[in-house]
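An overview of the molecular structure
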Amino acid sequence: MIETRGITKFFANGKRGVVSALCNINIRVRPGTPVALVGPNGAGKTTLIRVLSTLILPSSGEAYVNGYSVVDQPKEVKRSIGLVTVSDRLFYYRLTAMENLVFYATLYNLGLGEARKRARETLSIVGLSGWADTKTMHYSTGMLRRLALARAILHDPPVIMLDEPTLGIDVVSSRNVRRLVRQLGEERTVLFTSHYMKDVEEIAGYVYIIKGGRIVAEGSPQDLTRLVGRVVELEVYEDELPDSYRRFVVTYRNGHVTLRIPESIVDDLKAHTVEERSVQPTLEDVYVSLVGESSMDVRPYQFRRGGTNEWRAG
Amino acid sequence: MSGVLAKLYAFLYLRGFRVWVSYRTQMVLNVLSWVLPVFTYYFVGTSLGKRITTSVHIMSYTSFFVVGLAFQGYVSSSIVTISQRLRNEQLYGTLEYYVLSPVGVFGFLTYSAVWGFTLNTLNAAVILAVGAGLGVSYSGANMLGAAILVLMLVASTFGIGMMSAALVMVTKQGNPISFFFSTFTTLMSGTVFPVNALPYVVRLVSYALPLTWALDGLRLALLQGATIIQLSPYITIMGVFDLVTIPLGAAVYKLCFDYVRRKGTISQY
């Protein structure tokens, strides 16, 4: 279980003064329901993961992981979590996968025999048993991601946090990682960040959309997709498209653009529309509508406000 | 206990030895860097040595600098090794995993230091052996006294290494403690010439360095067979250094670690 109440984090940022990275964040993650944090670069997702894993102290607010306070009981929190970070390296490349995992297992006070046993087990779980004795310098990025997952569960933690677990890996490797995370989330508390809606749709039972350090929407993927109502796909002449609609563009072709856009806001475009058809709304439609192109876009499409966070679906 | 042994295996064999020998060129250069200075100073000594060392009542300059070179590595390279190890973990992206594990960064530095000291013991053994080949005699050496002094030197070095690594957490690059000890120990600590050859003001600085006292004591123990009683002034002074540097190292470490947690820069490099 992960729970935060009003978590806020400020960073001193030279001449820009104080920057608010997280502002009044309230989330709850239960075992058996993996939760996704999605949002643009710089939204605060990684900062929140770091606060929850005790790597960064919050400026204010409370956060509990497995019942322990991240500020007052960091040792207990650390014992309760497995973390997968987004770094490119993460392992000693001159050692084999088995040696790397044995090394990390000993950090959790496991004896050598137990460390080897757990390393073998976790390599088997992530499907790398056949590569146990290969130096990790020869591993692909996808294999390293799976190995990072194996390391995260070496000490059998009840809570797992993953920062962009499928970043930079190919389609098949992504599927493998998604399957693994989904399996881990069947019994454990799993919180992950991602830029890929495919990850979210396949893994998450609940989603927080975060932007500029604030949660702008939350709900199950199904509830969130209902949030946008009907979505239409429009074809419009590119040179007639107002700038405020550019974030809804999915393709550019021969002077035409195709947009996916909530039907409730297409009125201004009706006059320029060449073709229009209804489509099933997706999480990506929700994301684009709420978040826009980046953290710096301060005019997201607003549905309604209310609750502890800005918007709650369902 | 099995956990400690497993960690020693992990840090000494896996993270230390296995990684070290995997960079073969670096390993060969390391060994050469231990041995070559011995020959450099040996030839310097053939023309200048006797005049330098008679002032400290050691008749052989080779004996003087062999002991100096053998043990100065505990200070200069250990301090650099500990802080460099922390920096490497930042670059690898693995430092966070130490922070999150029960062993923590403090434990990581401690176990990493064990590897550093093991390597330096190998370094010392090689230099002392080369010295024996050049005619240095250790017959009648007080090995127990020497071991006590080495352990006390290691303890004070660990305290200084902690401060050095803690600063790396904050500064990422540019470490004044590491720079000072790696650059000045050979010059100021009586490694290859006696400190009384230094100008008075510089000599005062050299007396503030634990290595200066440790080397004086080690020369007495290894070359003249001084008893524990005769070594007691050096052991006492080293004890004072240990009492100061270890708590100070731990305090500076905690200060720096809390600072980077507040700033959120643990993994930045």
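Bear in mind the structure is a predicted one, so any value in this text is a computation, not a measurement.

What follows concerns a nonpolar patch on the surface. A cluster of nonpolar residues, B:Val28, B:Leu29, B:Leu32, B:Leu36, B:Phe39 and B:Phe43, forms a patch on the protein surface that exposes about 560 Å² of accessible area. Following the sequence through the fold, B:Phe39 ends up in helix α2 (residues 24-53).

So, on to the interface of chain B and chain A. Where interface size is given, it is often the accessible area lost as the parts come together that is meant. Each partner contributes to the interface: chain B provides 32 residues, whereas chain A provides 36 residues. For the pair chain B and chain A, the two sides together bury roughly 3,200 Å², of which 60% comes from carbon and sulfur. By the criterion of area lost to chain A, the three top residues of chain B are B:Tyr97, B:Leu100 and B:Arg261, representing 25% of everything that side buries. Counting across the interface, chain B meets chain A through two salt bridges. B:Glu96 is the salt-bridge partner of A:Arg50, the closest N and O atoms lying 2.6 Å from each other. Counting residues per element, the ones that place at least two in the side of chain B that touches chain A are α1 (2-22), α3 (61-92), α4 (95-100) and α10 (228-263) of chain B. The element that contributes the greatest number of residues to the side of chain B that touches chain A is α1(B), accounting for 12 residues. By residue class, the composition of the side of chain B that touches chain A is 16 nonpolar, eight polar and eight charged.

Residues and elements named next belong to chain A. A sheet is described by the order of its strands in space; here six strands give the open sequence β7-β8-β9-β4-β10-β11, paired in mixed fashion. Two strands in the sheet have a free side with no partner beyond their single neighbour: β7 (81-84) and β11 (214-219). If you compare each strand with its neighbour and ignore which way they point, the axes differ by 15° on average. Here four bridges tie β7 to strand β8 (residues 159-163), and the two strands are oriented parallel to one another. What sits directly across from isoleucine 81, in β8, is valine 159. Seen against the sheet, helix α9 (residues 283-291) touches β4 (35-38), β10 (206-211) and β11 and runs at an angle of roughly 25° to β10.

Here helix α5 (residues 141-152) of chain A contains 12 residues, and its C-alpha end-to-end distance of 16 Å stays within 8% of the 16 Å for a straight helix at 1.5 Å per residue. Where α5(A) is concerned, the buried positions are A:Gly142, A:Met143, A:Leu144, A:Arg145, A:Arg146, A:Leu147, A:Ala148, A:Leu149, A:Ala150, A:Arg151 and A:Ala152. If you follow the buried residues of α5(A), they end up packed against β7, α3 (97-107), α4 (112-125), β8 and α6 (171-184) of chain A together with α4 of chain B.

It is worth spelling out the packing of aromatic side chains at this point. In total, this model carries 27 aromatic pairs over all chains according to the counting rule given. Here the aromatic rings of B:Phe11 and B:Phe108 are separated by 6.5 Å at their centres, their planes lie at 50°, and the arrangement is tilted. Taken together, the residues B:Phe11 in helix α1 and B:Phe108 in helix α5 (residues 104-133) connect sequence positions 97 residues apart. According to the relative accessible area criterion, B:Phe11 is buried, its value standing at 1%. Consider the rings of B:Trp20 and B:Trp115, whose centres lie 6.1 Å apart with planes at 65°: the pair is edge-to-face. Residue B:Trp20 is found in helix α1, and its partner B:Trp115 is found in helix α5; the two are separated by 95 residues along the sequence. A single burial state applies to B:Trp20 and to B:Trp115, both of which are buried. Each residue in the set A:Phe91, A:Tyr92, A:Phe103, A:Tyr104, B:Phe11, B:Tyr97, B:Tyr98, B:Phe108 and B:Tyr111 is aromatic and connected to the rest through ring pairs, giving one cluster. Against the face of B:Tyr23 rests A:Arg94, its NZ or CZ located 3.8 Å from the ring centre. Stacked on the ring of A:Phe91, the Lys or Arg A:Arg151 has its end atom at 4.1 Å from the ring centre.

Thresholds, definitions, all that
- Residues numbered from 1 in each chain as written.
- Chains lettered and ligands numbered in written order.
- Predicted model: local features only at pLDDT ≥ 70, side-chain atom pairs only at ≥ 80, totals over all residues.
- Heavy atoms only, no water.
- Patch = residues over 30% accessible without salt bridge, like charges linked within 9 Å, V, L, I, M, F, W, Y side chains within 5 Å.
- Areas by Shrake-Rupley, 256 points an atom, 1.4 Å probe, with all protein chains shown as cover.
- Salt bridge = Lys/Arg side-chain N within 4 Å of Asp/Glu carboxyl O.
- Helix = DSSP H or I, 4+ residues; strand = E, 2+ residues; numbered from the N terminus.
- Contact = heavy atoms within 4.5 Å.
- Buried area = accessible area lost by both parts, 1.4 Å probe.
- Nonpolar A, V, L, I, M, F, W, Y, C, P; charged D, E, K, R; others polar.
- Pairing = 2+ DSSP bridges.
- Axes fitted to C-alpha atoms, helices over the stretch in contact; angles between N-to-C directions.
- Expected span 1.5 Å × (residues − 1).
- Buried < 20%, exposed > 50% of the residue type's maximum accessible area, 1.4 Å probe, protein only.
- Phe/Tyr/Trp six-rings, centres within 6.5 Å; stacked < 30°, edge-to-face > 60°.
- Lys NZ or Arg CZ within 6 Å of the ring centre and 35° of its normal.

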